[in-house]
Amino acid sequence: MVQPKKKRVWDLPTRLFHWLLVLAFALAWATYDDSRHLDIHTISGYTFFALLLFRLVWGVVGSHYARFSEFNYTPGEVLSYLHSLFGDGTKYYIGHNPAGAWAIFILITLGLLLSTTGLIVLGGEEQQGLLAGYISFDQSEPFRMLHEMIAWGILTLVIVHVSGVIIESLLQRENLIGAMFRGTKWVVGESAMVPAHRLIASLIFISAIIWGGLSLNTYLISSDDQPYQPFKGPSLAMNDLWNEECGACHLAFHPSLLPARSWQYLFTQQENHFEEDLMLDEETLSELLNYARENSAEKNKTEAAWKINRSVMKNERPLKITSITYWKEKHSEISDAIWQKKSVQSKSNCGACHFDAEQGTFQDSAMKIPD
Amino acid sequence: MKKLVLMLSTVVLSLAINMQAQAGNVETLQSEYQAAGAGNFSASNGEKMWVKNNLDKKSGKQRNCQTCHGKVLTQSGKHARTGKVIEPLARSVNSERLTDIKFMKKWLKRNCKWTIGRECSAQEKGDFLEYLKGQ
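Residues numbered from 1 in each chain as written. Chains lettered and ligands numbered in written order. Predicted model: local features only at pLDDT ≥ 70, side-chain atom pairs only at ≥ 80, totals over all residues. Heavy atoms only, no water.

Caption draft 1: Focus on the overall build of chain B. Looking only at helices and strands, one finds 5 helices and 4 strands in chain B. Of the regular secondary structure in chain B, the N- to C-terminal order runs α-α-β-β-α-β-β-α-α. For chain B, with 135 residues in total, the buried portion stands at 36%. Look at the contacts in chain B between residues 6 or more apart in sequence, and 52% of them connect residues 24 or more apart. In the structure as shown, chain B presents an accessible area of about 8,400 Å², 58% of it carried by carbon and sulfur atoms. (Helix = DSSP H or I, 4+ residues; strand = E, 2+ residues; numbered from the N terminus. Buried < 20%, exposed > 50% of the residue type's maximum accessible area, 1.4 Å probe, protein only. Contact = heavy atoms within 4.5 Å. Areas by Shrake-Rupley, 256 points an atom, 1.4 Å probe, with all protein chains shown as cover.)

This is the structure we're talking about:
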């Protein structure tokens with residue numbers, strides 16, 4: 001009877017990679033579809049991407065069991081491995097078993113696709129990130145769907161992977177999840193020497209800390225007067241006359257928030273503007289209308305403009321931004337209690353929650369529900 | 001040094017002229033109202049009207065000038081319908097107040113209509129200004 005020996009199988013960088021990847025994916029998952037935390041989503045996304053790139057390199061130069069060549073199994077080997085799970089007992093692998101190996105290759109591929117589609121959506125829909133300016137709103141549209149589908153694919157695979165690990169742990173009577181923390185396994189017979197690679201691991205660890213700190217430090221230094229705005233929108237055309245005439249009773253809503261036909265209609269109704277009289281003379285009116293037309297939602301200068309314009313039927317000319325489907329959807333989760341707060345009071349009081357309401361950019365994350 | 005003195009005195013002078021002109025605008029508007037038939041203006045009448053409640057039949061709610069401008073004129077108010085902050089009306093804290101004739105006319109017309117339900121007379125408008133300019 002050969003006594004099993006406790007041996008290091010997973011080097012430190014591989015373990016760090018593994019758990020940081022889990023963390024990044026979980027954070028990105030928790031913040032998807034939530035504009036207020038898009039910054040967290042993108043920071044985790046970039047981290048995820050960088051980790052995968054590191055793993056590609058590590059798969060070539062890393063220690064024995066981390067190398068791709070070590071777990072480069074054929075589909076036939078995967079099948080016979082799976083078969084053996086239901087048979088007389090499993091063939092024992094010190095490193096990754098064939099099924100796990102394939103899960104890893106597929107995960108890395110999907111992960112790289114997830115990162116690229118993410119960058120494309122960020123560049124197109126938000127005009128932010130590495131690809132900002134190269135992709136239009138419309139072009140990025142299909143990639144959004146793709147991005148979501150890939151993410152679901154990864155989640156499914158993760159579930160399969162974790163189940164596999166649990167099954168293997170039971171069969172081998174060894175806690176394999178723990179092994180991914182400790183790095184060691186009980187090995188019978190010969191196994192390859194695996195150095196810890198502490199230096200490289202500390203470099204990864206330190207860069208993660210610095211990157212996290214740099215990304216999040218703006219949260220620490222922000223105050224009520226200078227709220228944190230991770231995404232800056234484009235600087236939109238401003239007009240003093242507009243801000244003066246339309247900014248006294250409420251926020252001077254930027255023209256990009258309604259289509260041109262709505263503005264035109266609003267001005268023909270000027271004596272009865274939500275029961276107020278705008279009292280604009282001919283000359284003022286025509287300057288305001290010109291400015292509104294030149295910067296209306298159709299011009300697609302911001303994400304909000306683009307989405308508002310898509311959301312209004314061509315035969316409609318709504319007078320209220322707050323009556324538009326897109327606006328209603330985006331604000332559907334805000335409770336009545338919040339709308340009735342003294343600091344909010346009206347749905348049209350955009351500035352109560354959006355820090356960049358005056359600039360008209362309505363960027364993701366530039367918002368806070370008042371407490 | 002000479003330059004600095006010159007610059008400073010220009011600034012002071014222009015400020016003084018500016019303030020003179022600003023202070024003058026309310027008076028100019030008030031004399032316009034007098035020309036339209038108003039008598040002497042009374043700050044206490046202005047104040048009484050400022051806080052007097054008017055029932056709005058449609059909403060069933062009471063309205064007065066404080067509804068938007070707030071109870072304390074040296075502090076900012078809040079637009080009753082939109083929630084937008086309105087800067088303080090008192091000139092002691094907001095030197096830009098009551099400096100533009102067109103602006104005052106427009107808002108007096110609009111706010112009287114909304115608050116009282118009708119336009120104000122020349123006398124009433126002058127009284128409001130008399131009250132406000134002392135704040």
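Picking up after the structure, the text goes on.
Caption draft 2: Here's a closer look at the domain arrangement of chain A. All names here are of chain A. Parsing chain A into structural domains produces domain 1 (5-221) and domain 2 (246-352). Centre-to-centre, using C-alpha coordinates, domain 1 lies 45 Å away from domain 2. Between domain 1 and domain 2, the contact holds 7 residues from the first and 7 residues from the second. In this assembly, domain 1 packs against domain 2 so that about 570 Å² is buried in total across both faces, 45% of it on carbon and sulfur atoms. It is Glu125, Phe137 and Glu141 that lose the most area in domain 1 upon contact with domain 2, and together they represent 71% of the buried surface on that side. Applying the counting criterion to the domain 1 and domain 2 interface returns 2 salt bridges. A salt bridge links lysine 307 to glutamate 125, with the shortest nitrogen-to-oxygen separation between them at 3.1 Å. Taken together, domain 1 and domain 2 are joined by 4 residue pairs in polar contact (both at pLDDT 80 or more). Looking at the side of domain 1 that touches domain 2 element by element, the count peaks at 4 residues for helix 5 (residues 137-172). Its residues assigned to classes, the side of domain 1 that touches domain 2 comprises 1 nonpolar, 1 polar and 5 charged. (Domains from an automatic or database assignment. Buried area = accessible area lost by both parts, 1.4 Å probe. Salt bridge = Lys/Arg side-chain N within 4 Å of Asp/Glu carboxyl O. Polar contact = N/O pair within 3.5 Å; in protein donor to acceptor, adjacent residues only side chain to side chain. Nonpolar A, V, L, I, M, F, W, Y, C, P; charged D, E, K, R; others polar.)

Caption draft 3: Seen up close, a negative patch on the surface. On the surface, Asp281(A), Glu282(A), Glu283(A) and Glu287(A) cluster together into a patch of negative charge. The exposure class assigned to Asp281(A) is partly exposed, which follows from its relative accessible area of 38%. (Patch = residues over 30% accessible without salt bridge, like charges linked within 9 Å, V, L, I, M, F, W, Y side chains within 5 Å. Lys, Arg positive; Asp, Glu negative; His and termini not counted. Charge placed at Lys NZ, Arg CZ, Asp CG, Glu CD.)

Caption draft 4: Fine view of the state of the cysteines. Throughout the structure, instances matching the rule amount to 1 disulfide over all chains. Here Cys112(B) pairs with Cys120(B) through a disulfide, and the sulfurs are 2.0 Å apart. Where Cys112(B) bonds to Cys120(B) through sulfur, the torsion about that S-S bond is close to -100°, and the disulfide is left-handed. Of the two residues, Cys112(B) and Cys120(B), both sit in the buried class. No disulfide involves Cys249(A); its nearest neighbouring cysteine sulfur is the one of Cys68(B), lying 8.3 Å away. In this model Cys353(A) remains outside any disulfide bridge; the closest cysteine sulfur is found in Cys350(A), 8.8 Å from its own. (Disulfide = S-S within 2.5 Å.)

Caption draft 5: Examining unusual backbone geometry more closely. Unlike most non-glycine residues, Glu275(A) shows phi in positive territory, near 70°. Mapping Glu275(A) onto the fold places it in the loop between helix 9 (260-268) and helix 10 (282-294).

Caption draft 6: Quick peek at the packing of aromatic side chains. All chains considered together, the criterion is met by 20 aromatic pairs over all chains. Taking the centre distance of 5.2 Å and the plane angle of 80° together, the rings of Trp242(A) and Trp263(A) count as edge-to-face. Linking Trp242(A) in helix 8 (residues 240-246) with Trp263(A) in helix 9, this pair joins segments that are 21 residues apart in sequence. Judged on exposure class, the residue Trp242(A) and its partner Trp263(A) are both buried. The exposure class of Trp242(A) is buried, given its relative accessible area of 2%. Put simply, the rings of Phe25(A), Trp29(A), Tyr32(A), Phe48(A) and Trp152(A) touch in pairs and so form one group of aromatic residues. Across from the ring centre of Trp306(A), 4.3 Å away, lies the NZ or CZ of Arg310(A), which sits over that ring. The ring of Trp107(B) is capped by Arg110(B), whose NZ or CZ atom sits 4.6 Å from the centre of that ring. (Phe/Tyr/Trp six-rings, centres within 6.5 Å; stacked < 30°, edge-to-face > 60°. Lys NZ or Arg CZ within 6 Å of the ring centre and 35° of its normal.)

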